[in-house]
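# Chain and residue survey
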Amino acid sequence: MSITIGCFALVDPFTTLDHQLDRIRDWGFRYADVTDTGDGAVLGNHFGFSAVASLDANPFDLERLFADRGLRITSYCAHSDLLDATAPWRYGTSQIIKAVRSAAAIGVRHVVTTEGEPATAFGRSLSEDQGVFLIAEKLHEPLRVAEDHGVSILLEPHGPITGTLDGTSALLEAIDSRALGLNLDTGNAWLAGTDPVQYVQRFCDRIQHVHWKDLGPQWEARRGEIFGCGMADIALGTGVVDIEGAFKALVDGGFDGHSTLEIGGDEAVLESARFLEALGAER
């Protein structure tokens, strides 16, 4: 298996999930992520302006929605708020467990999560050691469920701890679970101040999925100050992130799994796919 290229199912704003998947299919992709997830009923879905997949819905309906368009789901995104205090309105342990169970039911092996940038004074006051402990505690039960369901929970660089090499190492050392892996996000790693090539060289044996983003030079002034962004708006290979270097490091390290474009804009998506295909990936 070579490195495959999929697409985030958020390519058009204020549109439904079936619309997103139609667009991805029409671009010639065979793979896509369950990108935006949440609990319970979703008002925007009913009224046609959001693409959220409810974690309380029947996951087989979601699988059929993708399969009807010839698309395979490669991961569930369950990006969390793990550094702020637990509250019913914060996405965290409960939602990750739901994502794991939903993914397992339809044979999806990867649930991608992260700690996120803290939004409260409580979260911002934590030392790194406290943050590592809090993340480990909040992931303890989801990882137990993941182990029993044959699913891996993948930490993505998208916060002050996962965004650094040492912070990621500390988490991997603190959490003893065979279900824990990593999802490299090239843009997020770079934005946090981490070289994606060095990230791959250090953690390639734990990387099970990849998100691709390149970023323009206007982001350089904020590098090391923010810890992730949603979607890139430029094509891979046209910005400041060493995408080719990261790809080659993955190949050298033996990675041959799924990857996903986190990119908006028709031409940017298609140019990015062609860029990766030229390096040896397949759509």
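The present account deals with the structure reproduced in this document.

The rules behind each value
Residues numbered from 1 in each chain as written. Predicted model: local features only at pLDDT ≥ 70, side-chain atom pairs only at ≥ 80, totals over all residues. Heavy atoms only, no water. Core = buried A, V, L, I, M, F, W, Y, C linked by side-chain atoms within 4.5 Å. Buried < 20%, exposed > 50% of the residue type's maximum accessible area, 1.4 Å probe, protein only. Contact = heavy atoms within 4.5 Å. Salt bridge = Lys/Arg side-chain N within 4 Å of Asp/Glu carboxyl O. Helix = DSSP H or I, 4+ residues; strand = E, 2+ residues; numbered from the N terminus. Pairing = 2+ DSSP bridges. Right-handed = clockwise from strand over helix to strand, strands pointing away.

Below, the discussion takes up the nonpolar core. Counting residues in hydrophobic clusters, the biggest one holds 82 residues, and the most contacted among them are Tyr76, Ile207, Trp212, Leu250 and Leu261. Sequence-distant contacts of Trp212, that is, excluding residues within four places in its chain, are made with Thr186, Leu236, Ile243, Ala246, Phe247, Leu250, Ser259, Thr260, Leu261, Glu262, Ile263 and Leu276.

Once that is clear, we can look at the pattern of salt bridges. By the definition in use, this model includes 18 salt bridges. One salt bridge connects Arg23 with Asp12, and the closest N-O pair in it is separated by 2.8 Å. Pair noted here: Arg23 is in helix H1 (residues 17-26) and Asp12 is in the loop between strand S1 (4-7) and H1, with a separation of 11 residues, a long-range link. Judged by its relative accessible area of 17%, Asp12 is buried. The shortest N-O distance in the salt bridge between Arg144 and Glu141 comes to 2.7 Å. Placement of the pair is Arg144 and Glu141 together in helix H6 (residues 128-149), with a separation of 3 residues, close to one helical turn.

Side chains His110 and Val112 of strand S6 (residues 110-113) all project onto a buried face; the interleaved residues Val111 and Thr113 project onto the opposite face, where all are buried too. Bridge count between strand S5 (residues 72-77) and S6: 2 bridges; the pairing is parallel. Among the inter-strand pairings, Tyr76 is bridged to a residue of S6, identified as Val111. The parallel pair S5 and S6 is bridged by helix H4 (residues 93-105), and the resulting crossover is right-handed. Relative to strand S7 (residues 152-155), S6 is paired through 4 bridges, and the arrangement is parallel. Counterpart to Val111 in the pairing with S7 is Ile153.

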